[in-house]
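Notes for the structure review
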Amino acid sequence: MALYSDKVMDHFQNPRNVGKIDDADGIGEVGNAKCGDIMRMYIKVEDGIITDCKFNTFGCGSAIATSSMATELIKGKPVEEALKLSNQAVVEALDGLPTHKIHCSVLAEEAVRAAVKDYYDKNGIAYDPEELKINDCEACEMG
Ligand code: FES
């Protein structure tokens, strides 16, 4: 059996929404100290809906595939819904990832949360800090 699903390969080779949004409403950057990969996520928000989303990932193929899928999953969705995006949902949407690559999907989940947190901070929107805690070390330990 192939190590990576067709969907992972597709999102790695043809990543969706790559780039930068110059006037982004929220930018989230997260990294995994263990593997050194860095993910940056940009969101544009209108009336509480994520109207656009782009990413730049300096990392492995799985990190690129998971960030690509994460942008697809949150685009057009309310901000609160994007916050609920779990790394598991990203992995499922990609038809799975090898166990030692699960931490790459954690990075994608955290990049989305970091972008939303930045949006909330910039707009003075109150949130529960616990809910929006970005825990890089958790990702490291899973690596
Ligand atoms: Fe670090 Fe994939 S190996 S994010």
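Residues numbered from 1 in each chain as written. Predicted model: local features only at pLDDT ≥ 70, side-chain atom pairs only at ≥ 80, totals over all residues. Heavy atoms only, no water.

Tallying secondary structure elements over the protein chain gives 6 helices and 3 strands in all. In the protein chain, the succession of α and β elements from N to C terminus is α-β-β-β-α-α-α-α-α. Relative to a compact globule of 143 residues, whose C-alpha radius of gyration would be 15 Å, the protein chain shows 14 Å and is just as compact. Of all 143 residues assigned to the protein chain, the portion counted as buried reaches 48%. Partitioning the contacts of the protein chain with sequence separation of at least 6, the portion at a separation of at least 24 is 62%. Averaged over its 15 positive side-chain charges, the protein chain has a centre that lies 3 Å from the centre of its 25 negative ones. (Helix = DSSP H or I, 4+ residues; strand = E, 2+ residues; numbered from the N terminus. Rg over C-alpha atoms; globule rule 2.2 N^0.38 Å. Buried < 20%, exposed > 50% of the residue type's maximum accessible area, 1.4 Å probe, protein only. Contact = heavy atoms within 4.5 Å. Lys, Arg positive; Asp, Glu negative; His and termini not counted. Charge placed at Lys NZ, Arg CZ, Asp CG, Glu CD.)

Below, the discussion takes up the packing of aromatic side chains. Overall, the coordinates contain 2 aromatic pairs when judged by the stated rule. Centre to centre, the rings of Tyr119 and Tyr120 are 5.8 Å apart; their planes meet at 40°, and the pair counts as tilted. Accessibility expressed as a relative area gives 11% for Tyr119, which makes it buried. Accessibility expressed as a relative area gives 8% for Tyr120, which makes it buried. Measuring from ring centre to ring centre gives 5.7 Å for Tyr120 and Tyr127, while their planes differ by 25°; the resulting arrangement is stacked. (Phe/Tyr/Trp six-rings, centres within 6.5 Å; stacked < 30°, edge-to-face > 60°.)

What follows is about the pattern of salt bridges. Evaluation of the coordinates by the stated rule reveals 10 salt bridges. With a shortest N-O distance of 2.7 Å, Arg16 and Asp10 are connected by a salt bridge. Residue Arg16 is classed as partly exposed on the basis of its relative accessible area of 25%. Its relative accessible area of 29% is what places Asp10 among the partly exposed residues. For Lys20, the salt bridge goes to Asp22, with nearest N and O atoms at 3.9 Å. (Salt bridge = Lys/Arg side-chain N within 4 Å of Asp/Glu carboxyl O.)

Here the focus is helix α2 (residues 61-74). For α2, with 14 residues, the first-to-last C-alpha span of 20 Å sits near the 20 Å given by 1.5 Å per residue. Across the 14 residues that make up α2, a large majority, 11, are buried. The set of residues buried in α2 consists of Ser62, Ala63, Ile64, Ala65, Thr66, Ser67, Ser68, Met69, Ala70, Thr71 and Ile74. The inward-facing, buried residues of α2 contact α1 (6-13), β2 (38-46), β3 (49-58), α3 (79-83), α4 (87-93) and α5 (102-122). With its phi angle positive at about 85°, Gly76 sits one or two positions after the end of α2. (Expected span 1.5 Å × (residues − 1).)

By size, the foremost hydrophobic cluster in this structure holds 37 residues, and its most contacted members are Met41, Ile43, Ile50 and Ile74. Elements that contribute at least two residues to this core include exactly β2, β3, α2, α3, α4 and α5. The element that contributes the greatest number of residues to this core is α5, accounting for 11 residues. (Core = buried A, V, L, I, M, F, W, Y, C linked by side-chain atoms within 4.5 Å.)

Time to look at the side chain of Thr66. Mapping Thr66 onto the fold places it in helix α2. A polar atom in the side chain of Thr66 sits 3.1 Å from the backbone oxygen of Ala63. Aside from chain neighbours lying at most four places away, what touches Thr66 is Met39, Val90, Leu94, Leu97, Cys104, Ser105 and Ala108. (Polar contact = N/O pair within 3.5 Å; in protein donor to acceptor, adjacent residues only side chain to side chain.)

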